[in-house]
Amino acid sequence: MSPNQSQDSQDIETATTAILPSPLWAASGQAALESSRILVISASATSTSILKNLVLPGIGHFTILDPQVASHEDIGNNFFLEGLDSLGKPRAEEAVRLLCELNDSVEGKANLSSLEEVLEKDPTYLTSFTLIIAHNLKLPLLTKLSTFLWSKKHGPSLMIVRSAGFLAEFFIQFHEHTVVDSHSETAPSLRIDKPFKALHDHAVSINFDSLDDMEHGHVPYVVILVQAMENWKAKHGGPPQAYAEKQEFKKSVEAMRRKIDEENFDEAFAQAYRAWTPTTVPSDIAALFNDDALQQPLTSLPTHSAIFFHLVAALKKFTSESPYTLPLSSTLPDMKADTNSYIHLQTLYKQQAEVEKARFKSLIGPELVIDDDTIDEFVRNVHGLRLLRGKPFGAFDRDQAALVAALSATPKEVATHLALSALSVVLAQGSSKDVTAVRLRSEVNAITGPFEWPEDAELNLGNALGELARAPTAELPNTAALLGGLVAQEAIKIITRQYVPVKGYCVIDLIGSWTGTIDG
Amino acid sequence: MNGQTHPETVDWPNRYYHIDQILDRPGPRTDSEFMAGDAVKDFLRNDCKILCIGAGGLGCEILANLALSGFKDVHVIDMDTIDISNLNRQFLFRPADVGRPKAIVAAEYVMKRVPGVKVTPYFGKIQDKDESYYMQFNIIICGLDSVEARRWINATLYQMADAENPESIKPLIDGGTEGFKGQARVIIPDVTSCYECSLDMLNKPVTFPICTIANTPRLPEHCIEWASVLEWPRIHKDKKLDTDNPDHIGWLYNIASARAKEFSIEGVTWSLTQGVVKNIIPAIASTNAIVAASCCNEAFKIATTSAPYLDNYFMVIGTDGVYSYTFEYERRPDCPVCGGESRNVDVNREWTLERFIESLTERQDFQIKKPSLSTSTPTVAGKTRLYFQAPPQFELETRPNLEKKLVDLVSEGGEISVTSTSLPFNLTLRIHYV
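Residues numbered from 1 in each chain as written. Chains lettered and ligands numbered in written order. Predicted model: local features only at pLDDT ≥ 70, side-chain atom pairs only at ≥ 80, totals over all residues. Heavy atoms only, no water.

Q: Before we move on, can you summarise the overall build of chain B with the specific residues and values?
A: Tallying secondary structure elements over chain B gives 14 helices and 13 strands in all. With the C-alpha coordinates aligned to their principal axes, the bounding extent of chain B is approximately 75 × 55 × 45 Å. Out of the 434 residues in chain B, the part that is buried amounts to 54%. Counting contacts in chain B only where the partners sit at least 6 residues apart, residues at least 24 apart contribute 63% of the total. Summed over its atoms, the accessible surface of chain B is roughly 18,800 Å², and 51% of this surface lies on carbon and sulfur atoms. For chain B, the distance from the average position of its 45 positive side-chain charges to the average position of its 57 negative side-chain charges is 4 Å. (Helix = DSSP H or I, 4+ residues; strand = E, 2+ residues; numbered from the N terminus. Buried < 20%, exposed > 50% of the residue type's maximum accessible area, 1.4 Å probe, protein only. Contact = heavy atoms within 4.5 Å. Areas by Shrake-Rupley, 256 points an atom, 1.4 Å probe, with all protein chains shown as cover. Lys, Arg positive; Asp, Glu negative; His and termini not counted. Charge placed at Lys NZ, Arg CZ, Asp CG, Glu CD.)

This is the structure we're talking about:
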């Protein structure tokens, strides 16, 4: 039994007692989740819905910060309170107890202090968490919290969630967020247009005429195209350029076919464009090379983003050498072939990928020691690297040019967002009785300044304001549950650094049953 | 808990403080028919009867949401028992519940947590119940991972719908998830498009050609398919493969690993083995929460008229930011359930009846197994039965037709009626020879 097998059979045994990790974010993502510490401010129905979807997949620790005791209202809409049994008890403690029942590997804690106290006496407590989530926090307190966290460049990201009735939004505050494994669906280049030497030599060594019918129908399309292109270049001096030439090239591929039902030639014909499309560095990756972070001396702090930029700097050097591409991917997609030709081709790709990875490693600067697994992961996912630069909470509302631009691009999203911003202002000044559509409208005006609303956005705004005036403090169970799913999913992306989180605002309207994002 | 479930004692003051803000007054987009205040609350909490089909990943979420939303007469159907692998997302179940029926455990849990809500479970198949059962509900929500069950309930509700009797029109809200992707839709019989209209939109399950599996394996998946499709029936004869049984998966994993080793193929793992044989993308708690909430939100809006409901399709993808799309899925005039027109099918003039039947079973928009065919216009030989799978005497009688060309059995423009045990309705095809 190989070591791999024994590991797996152990997994089978433990599977009967432990909760299996989701294969959607792999062991590395699961490990990140399991070592994460989440702070959730308030034990509202929305907060516990979010936590439910984080406790189930197995975060390491969560704390609910909430000094309130459960009211009649709370026990009516929160699944993580036990009806009248929870009435009058600290809602953080009740919620922690019931949430922990979902997964005994998760540690939960109730902190009955108020956020005011924490911010005043021990703000560094906040920075001990990986991520902080705040739901319907009073505006002055939210401003204090977000300002404090923004001042800590390497502090935790803050997810700000606001909801009333059928309307809601959330915003993720981070300075920058780097993603290596974005689970991009774009396939990396196979470099058919510029084959590495071993691929080239292998492809031109195949004598198609000497193959029997079975072999001929199982030559991988990559090999067919490389040879066809070499023959074309020998005749024409370079790859096909004009449309007619490309069609001519495709005909030359078709001419190599022996029988009508050879599926490998079907694939070669369909994939022919890969032979003439030049493999270059994708534009979004090239954009990383010009990022400000690379213009400054690299830090020696082993943070995620320092490691990321360190590796991007090495990548920049790598791509400035021949063949001016990203390091080769070792993954070969499936294609019509017999086992031997496929495995042989796969081995060629793997070997070349190893060579290029070694070259890449030699270009990494000495300032930071980076382990091999991290480098492997970077090279494996290099075509999908992502860098998100965020803004502090509230910056969008203060930036009139950005508001105007976003309003024309995404009118209903911006109208709903501004309505929710206005509601925060009104609720901070008084009680829910003060909330009227007229009052909200004047607060929107105060935010945007003098501004001519386009007709459709005006209609959207009127709808949103009317809806907020109808239910200014309503935390509907379904809205809470939907936010619970969306916010937890974004939290998982932030923690695992896999997939791509929302940048800016995500706005939700459960009357129109839509969601939208504002790049604010 | 004091055990009392009488509504007056259970509905403590301000229990519905949050929801009542919506029910006490209309919003700008609310329909004028909305009866704000006691009338709508009374209907929601005392009259409205709602059915949740499925008590799995979506079902658990749906039941909790409905209970908190104020639905008090909730029914749930599920034929499964709880498996250890369900616990990472089906949050009403605990390790001690493994092996018990999902519907019963979920109902007990929700009733205990949300006092005053009556959840009536049924541990069994949806097909066990007839029209009189489904007729009692105002709304039906479906949280299933089975295409077959959804087609059945969709067709059943359409058959029940009688334009003369508004009570017979049952809104069906259907949710589904796959990894980070999900969708929710509202189906109103005779008003919107139906589940069958969109059948061809489903992703075709990945299948590998048998010759690749048998002769030229290249991927770990090919080795796993070899173990499950070829080796399992060869070694275990009639014993059915149970993809929920860890012993069975373990056996496949070992066989697939050995084959992979033989062919120098890397990457056969236990979880890949499970993924391939179950042919599903794993479900996650967060997507389930999003889709279930969306379904329940539509149910709440339909039940209360407090806001317009989804018309009629919402899909969401969470891999790159949050991308969603809300649109009206249009009716298909030749939908066999809601369309009324027969489906035009092009047939190769050279095809035998057998080849034609094979082509039907391959089509993504039909998804039928073992169809029986008859023609409305008697064939040349004066018979209406073309080929019947059962009973045996009909099968025997119609078997010789299989080798005949279809063109000799059914004339151009003629209609063929297709039935199958996997098909909860008759499919009518109009034949065009090409």
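Q: Any details on the packing of aromatic side chains? Residues and values, ideally.
A: Taken as a whole and assessed by the stated rule, the structure comprises 27 aromatic pairs over all chains. An aromatic cluster is built from F308, F309, F318, F360 and F378 of chain A, whose rings are joined through pairwise contacts. The positively charged end of R113 of chain B is found above the aromatic ring belonging to F79 of chain A, 5.3 Å away from the centroid. One cation-aromatic arrangement involves K129 of chain B over Y133 of chain B; the distance from NZ or CZ to the ring centre is 4.7 Å. (Phe/Tyr/Trp six-rings, centres within 6.5 Å; stacked < 30°, edge-to-face > 60°. Lys NZ or Arg CZ within 6 Å of the ring centre and 35° of its normal.)

Q: Before we move on, can you summarise the confidence of the model for chain B with the specific residues and values?
A: Residue and element names in this part refer to chain B. On average, residues of chain B score 91 in pLDDT, and 96% of them are at 70 or above. Note that residues 1-8 has pLDDT below 50 and, in this model, eight contacts with residues that lie over four places away or in other chains. Both confidence scores are given for the complex: pTM 0.91, ipTM 0.92. (pLDDT = per-residue confidence, 0-100.)

Q: Mind laying out the interface of chain A and chain B, listing which residues take part and the relevant values?
A: It is common to report an interface's size as the accessible area lost on association of the parts. Contacts between the two partners involve 80 residues from chain A, matched on the other side by 81 residues from chain B. Where chain A abuts chain B, roughly 7,000 Å² becomes buried across the two surfaces, and 59% of that area is made up of carbon and sulfur atoms. Its largest share of buried area at the contact with chain B, chain A owes to F79, R470 and N478 of chain A, together 13% of the area lost on that side. Run the count over chain A and chain B and you get six salt bridges. Residues D320 of chain B and R386 of chain A are paired through a salt bridge, measuring 3.2 Å at the closest nitrogen-oxygen approach. Our enumeration of links across chain A and chain B arrives at 35 residue pairs in polar contact (both at pLDDT 80 or more). For the side of chain A that touches chain B, the element with the highest residue contribution is helix α25 (residues 477-496) of chain A, accounting for nine residues. When its residues are assigned to classes, the side of chain A that touches chain B shows 39 nonpolar, 24 polar and 17 charged. (Buried area = accessible area lost by both parts, 1.4 Å probe. Salt bridge = Lys/Arg side-chain N within 4 Å of Asp/Glu carboxyl O. Polar contact = N/O pair within 3.5 Å; in protein donor to acceptor, adjacent residues only side chain to side chain. Nonpolar A, V, L, I, M, F, W, Y, C, P; charged D, E, K, R; others polar.)

Q: With reference to specific residues and values, describe the state of the cysteines.
A: Residue and element names in this part refer to chain B. All told, the structure shown has zero disulfides over all chains when counted by the stated rule. C295 provides the cysteine sulfur closest to C296, a residue in no disulfide bond, and the two sulfurs are 6.6 Å apart. Residue classification places C296 among the buried positions, given a relative accessible area of 0%. (Disulfide = S-S within 2.5 Å.)

Q: Residue-level account of the UniProt feature "active site" (unreviewed entry) in chain B, with values.
A: UniProt tags C211 of chain B as "active site" (unreviewed entry). Beyond its immediate sequence surroundings of up to four residues, C211 of chain B is in contact with K336 of chain A together with T216 of chain B. (UniProt positions renumbered as here; feature names shortened; annotations may be inferred.)

Q: Before we move on, can you summarise helix α9 (residues 197-205) of chain A with the specific residues and values?
A: Residues and elements named next belong to chain A. Taken as a whole, α9 has its buried residues at L199, H202 and A203. Along the long axis of α9, the arc covered by the buried residues comes to 95°, so they all point the same way. Seen from the buried face of α9, the exposed residues on the opposite side, beyond 90 degrees, are K197 and S205. Against α11 (221-236) and α18 (339-362) lie the buried residues of α9. (Arc of directions from axis to C-beta.)

Q: Provide a residue-level description of the nonpolar core, including the pertinent values.
A: Membership of the largest hydrophobic core comes to 113 residues, with the highest contact counts inside it found for F62, F79, I133 and F170 of chain A together with I141 of chain B. A per-element tally of this core places helix α12 (residues 285-304) of chain B first, with eleven residues. Excluding residues within four positions of it along the chain, I141 of chain B makes contact with I50, L51, C52, I53, I62, L66, I173, C295, C296 and A299 of chain B. Among the nonpolar cores identified, the runner-up in size contains 52 residues, and L157, C338, V347 and L429 of chain B belong to it. (Core = buried A, V, L, I, M, F, W, Y, C linked by side-chain atoms within 4.5 Å.)

Q: A description of the pairing of strand β1 (residues 37-41) of chain A should follow, citing residues and the corresponding values.
A: A regular strand places its side chains on the two faces of the sheet in alternate fashion. All names here are of chain A. Taken across its five residues, β1 has four buried, putting it largely inside the fold. In this sheet, strand β2 (residues 61-65) lies alongside β1 in parallel orientation, the contact comprising five bridges. Bridge pairing in β2 places R37 opposite H61. Handedness of the β-α-β unit built from β1, helix α3 (residues 45-55) and β2 comes out right-handed. The pairing of β1 with strand β4 (residues 131-135) spans four bridges and is parallel. Bridge pairing in β4 links I41 to A134. (Pairing = 2+ DSSP bridges. Right-handed = clockwise from strand over helix to strand, strands pointing away.)

Q: Residue-level account of the environment of K412 of chain A, with values.
A: All names here are of chain A. As for its placement among the helices and strands, K412 is situated in helix α22 (residues 411-429). Looking at K412, the relative accessible area reads 32%, which means it is partly exposed. Between the alpha carbons of K412 and D456 there is a distance of 8.2 Å; along the sequence they are 44 residues apart. When neighbours within four sequence positions are excluded, K412 is seen to be in contact with N460 and W514.

Q: Before we move on, can you summarise the pattern of salt bridges with the specific residues and values?
A: A full pass over the atoms with the stated rule returns 49 salt bridges over all chains. For R257 of chain A, the salt bridge is made with D266 of chain A, and the minimal N-O distance between the two is 2.7 Å. As a salt-bridge pair, R45 of chain B and D20 of chain B come within 2.7 Å of each other at their nearest N and O atoms. Of this pair, R45 of chain B sits in helix α3 (residues 38-47) while D20 of chain B is found in helix α2 (residues 17-23), placing the two residues 25 residues apart along the sequence. When sorted by exposure, R45 of chain B lands in the same class as D20 of chain B, which is buried.

Q: I'd love a proper account of unusual backbone geometry, names of residues and values included.
A: The step from D311 of chain B to N312 of chain B runs through a cis peptide bond, and the omega angle for that step is -5°. Following A390 of chain B, the chain continues into P391 of chain B via a peptide bond in cis, with omega recorded as -5°. Tracing the sequence through the fold places P391 of chain B in the loop between β11 (385-387) and α14 (392-398). Although it is not a glycine, N136 of chain A sits at a positive phi angle of roughly 40°. You can call N136 of chain A partly exposed: its relative accessible area is 39%. The phi dihedral of H183 of chain A falls on the positive side, at around 55°, and the residue is not glycine. Among the secondary structure elements, H183 of chain A is positioned in the loop between β7 (176-179) and α9.

Q: Please provide a residue-by-residue account of the sheet that holds β2 of chain A, values included.
A: Residues and elements named next belong to chain A. Strands sit in the order β3-β2-β1-β4-β5-β6-β9-β10 across an open sheet of eight strands; the sheet is mixed. Both outer strands of the open sheet, β3 (107-111) and β10 (514-518), are each paired with one neighbouring strand and no more. Taken over all neighbouring pairs, the strand axes of this sheet differ in orientation by 15° on average, direction set aside. In this fold helix α8 (residues 139-151) packs onto β1, β4, β5 (157-164) and β6 (167-173), with an angle of close to 160° to the strand it touches most, β5. (Axes fitted to C-alpha atoms, helices over the stretch in contact; angles between N-to-C directions.)

Q: Account for the confidence of the model for chain A, with residues named and values stated.
A: Mean pLDDT over chain A works out to 93, with 96% of the residues at or above the 70 mark. This stretch, residues 1-19 of chain A, has a pLDDT under 50; its non-local contacts, to residues over four places away or in other chains, come to 19 contacts.

Q: Please give an account of the sheet that holds strand β4 (residues 139-143) of chain B that cites residues and values.
A: Backbone-to-backbone hydrogen bonds join strands into a sheet, with any given pair of strands oriented parallel or antiparallel. Residues and elements named next belong to chain B. As summarised here, the arrangement of the eight strands in space is β3-β2-β1-β4-β5-β6-β7-β8, forming an open sheet in which the pairing is mixed. The two strands at the open ends of the sheet, each matched to only one other strand, are β3 (118-123) and β8 (323-327). Averaged over all pairs of adjacent strands, the angle between their axes in this sheet comes to 15°, without regard to strand direction. Bridging between strand β5 (residues 172-178) and strand β6 (residues 181-187) involves seven bridges; their strand directions are antiparallel. Paired with E178 across the two strands is K181, which belongs to β6. The strands touched by helix α5 (residues 102-113) are β2 (73-78) and β3; relative to β3, the strand with the most contacts, the crossing angle is about 170°.

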